[in-house]
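# Architecture and fold: a report
In case you want the letters, here they are:
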Amino acid sequence: MQQWLKIGLISLSLLLANTVVAHQLSTSYIIAEIDDTGRISGEWQLSLTDLELAVGLDINANGELTWGEVKSRQAEIASYLAEHLLLSRENLRCNLRFEIMERLQDHANEAFAVTDFSGQCPISGPLEIAYSAIFSLDSSHEVVLNIGDGNHLHSLVLDDSTRKITIDLSKGSAWTTFTQFVYQGVVHIWIGIDHILFLFALLLPAVLQRKDKKWQAISSVKTILTNTVWIVSAFTLAHSLTLTATALGWLSPSSRWVELGIALSVLFAALNNIWPVVLRLAWLTFAFGLLHGMGFASVLGELGLPADQQLLSILAFNLGVEIGQLAILVILLPILILLRNTTFYTRGVLPVGSILIAIMAVQWSVERW
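Computed from a prediction, not measured in an experiment: that's the story for all the values here.

Turning our eyes to something else, we now look at the environment of Asp58. Along the polypeptide, Asp58 turns up in the loop between α2 (48-55) and α3 (67-72). Once the C-alpha coordinates of Asp58 and Glu69 are considered, the two residues, 11 residues apart in sequence, prove to be 6.5 Å apart.

We now examine the side chain of Glu43. Mapped onto the fold, Glu43 is located in strand β2 (residues 39-47). Relative accessible area serves as the criterion here: at 19%, Glu43 is assigned to the buried category. Of the polar contacts made by the side chain of Glu43, one reaches the side chain of Arg103; its length is 2.7 Å. Here Glu43 is in contact with Tyr29, Ile30, Ile31, Arg103, Val114, Thr115, Asp116 and Phe117, once residues within four sequence places are set aside.

Two elements in contact, α2 and helix α4 (residues 74-84), have axes whose closest approach is 11 Å; the angle formed by their N-to-C orientations is 90°. In terms of orientation, α2 and α4 fall into the roughly perpendicular class. Of the residues in α4, those touching α2 at Leu51, Ala54 and Val55 are Glu76, Ile77 and Tyr80. Looking at the contact of α2 with α4 residue by residue, the class counts come to five nonpolar, no polar and one charged.

In space, the four strands of this open sheet follow the order β4-β3-β8-β11, with antiparallel pairing throughout. In the strand order of this sheet, the two ends are held by β4 (92-93) and β11 (164-167), each with one partner. Direction of pairing for strand β3 (residues 85-89) relative to β4: antiparallel, over a ladder of two bridges. By the bridge assignment, Ser88 is partnered in β4 with Arg93. Lying over the sheet, α4 contacts β3 and β8 (127-131), oriented at roughly 45° with respect to β3.

Scanning all chains against the criterion turns up nine aromatic pairs. Here the aromatic cluster, defined as three or more aromatic residues joined through ring pairs, consists of Trp44, Phe98, Phe117, Tyr131 and Phe135. Here the basic side chain of Arg210 rests over the ring of Trp215, its NZ or CZ set 5.2 Å away from the ring centre. Lying across the ring of Trp257, Arg256 places its NZ or CZ 4.9 Å from the centre.

Conventions used here
Residues numbered from 1 in each chain as written. Predicted model: local features only at pLDDT ≥ 70, side-chain atom pairs only at ≥ 80, totals over all residues. Heavy atoms only, no water. Helix = DSSP H or I, 4+ residues; strand = E, 2+ residues; numbered from the N terminus. Buried < 20%, exposed > 50% of the residue type's maximum accessible area, 1.4 Å probe, protein only. Polar contact = N/O pair within 3.5 Å; in protein donor to acceptor, adjacent residues only side chain to side chain. Contact = heavy atoms within 4.5 Å. Axes fitted to C-alpha atoms, helices over the stretch in contact; angles between N-to-C directions. Parallel < 35°, antiparallel > 145°, perpendicular 65-115°, else oblique. Nonpolar A, V, L, I, M, F, W, Y, C, P; charged D, E, K, R; others polar. Pairing = 2+ DSSP bridges. Phe/Tyr/Trp six-rings, centres within 6.5 Å; stacked < 30°, edge-to-face > 60°. Lys NZ or Arg CZ within 6 Å of the ring centre and 35° of its normal.

Have a look at this one:
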């Protein structure tokens, strides 16, 4: 037991030394509309954190940005934006002009500078978009594009591996929308550390049963798989319901309380492994899954939903979340099954892993309060 205690203390020390929080990708947002004369207008939202990396906003280097410092770098910011966003039709570039920044936009409690732009593009032809901002500074950066012609809206995401795309503004592309939103669903379950750890906390005891006030291995793999299917199905059904309802505007929960609720759900699931209160996890998972679905919906809201492909986008994003979740399950569950009969698992992995998850959940709860 002392050996496992040492392992736990070492892991705890590493955790405290390297604080881990739910990851948020560096993201910018471009919203634009182009009319039948080729006139284009829109806005580009880029976080102050990314702008600081790109052009340097903190003039006095005191670690605190002021609006005056941001506005004093207007020329450099406009030059940087113009250099890293190129639009063209039929190999002829659109002439873009970036205006003076007059406002900030908030995304997930982070400040974004909003720069309006306008210009003239050739009248006809597919629109080619080439985006290169921030990638050299942060390879995880992505840009969410919402661009349309008044009749069709295209919602796309470009990242370091896909910096260019050509779209036909005259019609919406169902397949492009579908693949984009499936991909984003996968990405956002994988970077959603709080969602992953909730699932992990539920799976840790899925290969065990409670007897004589102790965790003991379940001998039947079939029983383990059945229990896991019930847990995962409950989570999937619950978050699918609230993700859809929230994305369609049927529910309007406070994002602050949703994020806090998600953190508390992770905390409860972890502590329940150490001091079991609820042994039938399906109903508990369903209840907490409703909260997680609202959290997924907030991400989907940030991506923007094409007006003419709204339901398709929601279904595709949800499918992406399920694919990402199943990928984690396929990797993790066989390992847990192999380890379930060992003392290392029942006295080491389960309690120590649950304690570490609980500590992270407490940190998130404090941050989100």
